[in-house]
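# A structural walkthrough
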Amino acid sequence: MLQLRKKILAGVLCSAMVLSASQSVAWSETIESSVEAETDSSSETTESADGAATEEDAQGTQQVAPVTEEQALAECQLYAESSTHALYVNESTGVFAVKDKNTGYCWWSNPYNADSDPVARGTNLAGLKSALCIEGRKVLDTEHSKTDLKSYAESVEKGGFKIEKIENGFKGTLEFATAGLTIPYCVTLVDDYFEISVPVNEIVERELLGDTAETIRSIIIMSLFKDLGAGSSEEEGYIITPDGSGAVINFNNGKTNASEYTQRIYGRDVAISSDLAPAKTEQAYLPIIGIVKEDNALLAVVTEGEAYATARASISGQGATGYNSAWFDFNMRSYDSYYMGQSNAALNAYEEQMIPEEKISVRYYPIAKEGADYVDVAHRYQKHLIDEGVLTDGKTKDGDVPFYLDLFGGTIKQQSVLGFPVSLETPATTYEEAKEIVEKLNALGIDNMVITYEDFNAAGMTSRISSFVDYSGTLGGKNAFWKLADYCNSIGATLAGSVDIQEFERSGNGYSTTSSSVIRVTKAYATQNEYERAFGTPHDTRESWYILTPAYYEEVVQKVVDSYVKEGLTSISLEQATNMLYSDFTANTVKHASRQQAVKNLEACFSMIDASGLTFVADACNDYALKYVDYIRNVPLYSSNFDVYDYDIPFYEIVIHGYIPYTTKAKNASSGADEMFLLSVATGTPVHYEVMHENPNEFTDCAYDTLFYAYYEGWLDIAANEYRLTQDHLKALADETITDFEYVTQDNVKTTFSDGTVIEADLENLTLKINGTEVKLADYGLKGATTD
């Protein structure tokens, strides 16, 4: 028995030793953060600095007794007024409120009852009370772990906050003495909005000035007023995200085990390496987030530095606070990982300098309306784009509801020649075959088409950068192409030959895979990979490709536009250039480009197309492209369906409908094609198909191997039937705006248009009603509940 006890004791001791050893390995981040939490938590048990009364919770932790909003406002000073709002500021903490003069409602920069939050403790409580939350690192000595800095704990409480009045608001300066950072920010009230900006060129980082102290840090990520407008656990409301079409996260939805919402505005920067396949998600095309609560709503729009922004959101209990919050992070430096020798541990490389912008800015539009909802937020963003000259009348015309058709020309495919594998140009749809498909669709009654011809030229087929119209001999040559073009002109169809100005596998046309491609932070080439579907690792047998430095965009597009105009082509497409955004971290100062600089370069390209008179048929558009495009393909109808979401909304569609003609992603590419079609009809959206003439089974193990659904013959009749339905019921809505959208039930949606038309779609039972009258899908040969 004694020996058994000894064995048990020895086992317990061994387990304790193993546990202790495993914890010590994680010292660099785990221990550091826990020490901070313990230190801050202990400070929360003391009486508040202003002598406020405290109370003790069930765990014996003291909390500051709740205060009323009137009491919180009484501690603030009036700093600015507009005709509709007033700005009040607590000069000791920097907490501010924007008050609606008509309703009295206040939008607070931080919860004024943060100290009474029953969930937040330590650094999380400090975060609730902070203007800025910083992820800091030593960028010149990357062996140091990150440090999370909260401005309230690291600056305000330590006497490092200064405030001064400026025109229409105030300027706060936060000194993080220990970390060696000084960060100013400005809050101004202008007409019906307020704006928060950080003058980047005034930030001081002592690490870059030669300070080598152990605690010195530089800024990697800056979170700007994380809890502005946050809803408490007792409030009803929701958060609007810009993911895909848009999505809603209900306050207090209980999904605390789901990951917080985080999504890079304009998609990930593909100049940053990815060892594993990136998740297949939708993109955040619009630099917005929204909050709706208590007959009020708040639209936040990044107006400067949007290319560095990440939209974030968390619900009560998810982010270690009791609040539901939405905010923007800003990547003030990019970083990448690399491996040395045989080590499996990734090392990080950071940009030495911060983003080359004068400032970053977020504009906040308060909305006061009984029953305010996401439609009101979308309408306010729509007005913002109108005021900025992005959305204009005239692009959509009454009755213009085209059929959108994408044709795929061809690609390089490995084939056997005399028993040897040879990479050959392989046609998927020749010019003559493209004409045949268009003729058949026209014969079936499709008389209004917007056609995008992918890989229609030699450069596209061979994956080189296009710099002129080089008709492909493999597809039939110039004469065959113009027979197609002339036929399209004769029936009034738009034919846009598509060129790629970003991705390429081979050198040619003056652009090399070595001297013209993007460089990573690590100074390696930013090669792109195809990934194994099963394991998510880079594909062993598929070629990698390169991305063109943004410094060459304008040069390429000018050549292409000149060539199109000279050849007499009337329409153009630039493949993914309206939604793909990346940096170039090369040391060459002429070619170096930040993400924001890349936006400017792309806008210059789009402006060239606009000025040339060419019709611009674009892929899904980030907001900076909307001003220049004539048609948009592949507008998402859904979000990424993250676990924290409650439901999707057509936020993007509400914003642009009636201003820019658009279509959804290809219906025949969808796994839920029938539901997708009904949802597109409900939002007044025309039909879109992707097809090729050859059997897609012939294109396995090449760039076209995902187009398994695109064989044209099986889709012609269905497409014609769907087109007939859209012509009968959507033509009158082409230039109307969406005035309302709601879920009648979980699967039943109802859309109201500006002319009073109401469309209801039951997405589960596949039924459609327009102005209360059922549209029998069977009459159009389509699948639905009324099908016999």
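Presented here is an overview of the structure given in this document. (Residues numbered from 1 in each chain as written. Predicted model: local features only at pLDDT ≥ 70, side-chain atom pairs only at ≥ 80, totals over all residues. Heavy atoms only, no water.)

## Description of the pairing of strand β38 (residues 688-691)
The test is simple: A simple rule labels every residue: compare its accessible area, found with a 1.4 Å probe on the protein chains alone, to the largest value its type can have, and call it buried under 20%, exposed over 50%, or partly exposed in between. Numbered from the N terminus, helices here are DSSP runs of H or I no shorter than four residues, and strands are runs of E no shorter than two. Two strands qualify as a pair provided that DSSP identifies no fewer than 2 bridges between them.
Because side chains alternate across β38, one face comprises the buried residues His-688 and Glu-690, and the other comprises Tyr-689 and Val-691, equally buried. Here strand β26 (residues 403-408) runs beside β38; their pairing, made up of four bridges, is parallel. Residue Asp-406 lies in a different strand from β38, and its bridge partner there is Glu-690.

## A closer look at the packing of helix α7 (residues 431-443) against helix α9 (residues 477-490)
So the rule is basically this: Every angle, taken between N-to-C directions, lies between 0 and 180 degrees, and every axis is a line fitted to C-alpha atoms, over only the stretch in contact when it is a helix. The labels follow the angle: roughly parallel below 35 degrees, roughly antiparallel above 145, roughly perpendicular from 65 to 115, and oblique for the rest. In this scheme the handedness of a crossing depends on how the near helix is turned from the far one: anticlockwise by less than a right angle means left-handed, clockwise means right-handed. We call two residues in contact whenever any of their non-hydrogen atoms come within 4.5 Å of each other. Gly counts as polar in this scheme, as do all residues outside two lists: the nonpolar Ala, Val, Leu, Ile, Met, Phe, Trp, Tyr, Cys and Pro, and the charged Asp, Glu, Lys and Arg.
Closest axis-to-axis distance for the α7/α9 pair is 8 Å, and the angle between their directions is 15 degrees. On the basis of the axis angle, α7 is roughly parallel to α9. Classified by chirality, the crossing of α9 by α7 is left-handed. In contact with Tyr-431, Ala-434, Lys-435, Val-438, Glu-439 and Asn-442 of α7, α9 contributes Gly-477, Ala-480, Phe-481, Lys-483, Leu-484, Tyr-487 and Cys-488. Taken together, the residues of the contact of α7 with α9 sort by class into eight nonpolar, two polar and three charged.

## Examining the state of the cysteines
Using the following cut-off: Whenever a pair of cysteine sulfur atoms sits within 2.5 Å, that pair is classed as a disulfide.
For the structure on display, the rule yields zero disulfides. The thiol sulfur of Cys-76 is not disulfide-bonded, and the nearest other cysteine sulfur, from Cys-106, lies at 8.8 Å. Using a relative accessible area of 9% as the deciding quantity, one classes Cys-76 as buried.

## What to know about the sheet that holds strand β6 (residues 106-108)
Judged by pairing direction, the sheet is antiparallel, and its four strands sit side by side in the order β3-β4-β5-β6 without closing on themselves. For this open sheet the edge positions go to β3 (77-81) and β6, each flanked by a neighbour on one side alone. Here the strands of the sheet are splayed against their neighbours by 25 degrees on average, with no regard to which way each runs. Across three bridges, strand β5 (residues 96-100) lies against β6 in antiparallel orientation. If you follow Lys-99 over to β6, its bridge partner there is Cys-106.

## Comments concerning the side chain of Glu-235
Put simply, the rule is: Polar contact criterion, stated in full: a pair of N or O atoms within 3.5 Å, where within protein one must be able to donate a hydrogen and the other to accept it, and residues adjacent in sequence count only if both atoms are side-chain atoms.
Mapped onto the secondary structure, Glu-235 falls in the loop between β15 (231-232) and β16 (237-241). A polar contact of 2.7 Å, which involves the side chain of Glu-235, links it to the backbone nitrogen of Ser-232. Apart from residues no more than four positions distant in its own chain, Glu-235 is found in contact with Ala-230, Phe-251, Asn-252, Lys-293 and Glu-294.

## Some thoughts on the sheet that holds strand β39 (residues 738-745)
Overall, antiparallel pairing links the five strands, which are arranged β39-β40-β41-β42-β43 in an open sheet. What marks the edges here is a single partner per strand, and that holds for β39 and β43 (773-775). Ignoring strand direction, the axes of neighbouring strands in this sheet form an average angle of 20 degrees. Here strand β42 (residues 767-770) runs beside β43; their pairing, made up of three bridges, is antiparallel. Opposite Ile-770, over in β43, you have Thr-773 as the bridge partner. Helix α13 (residues 673-682) contacts β40 (748-753), β41 (758-762) and β42 of the sheet and is inclined by roughly 165 degrees relative to β41.

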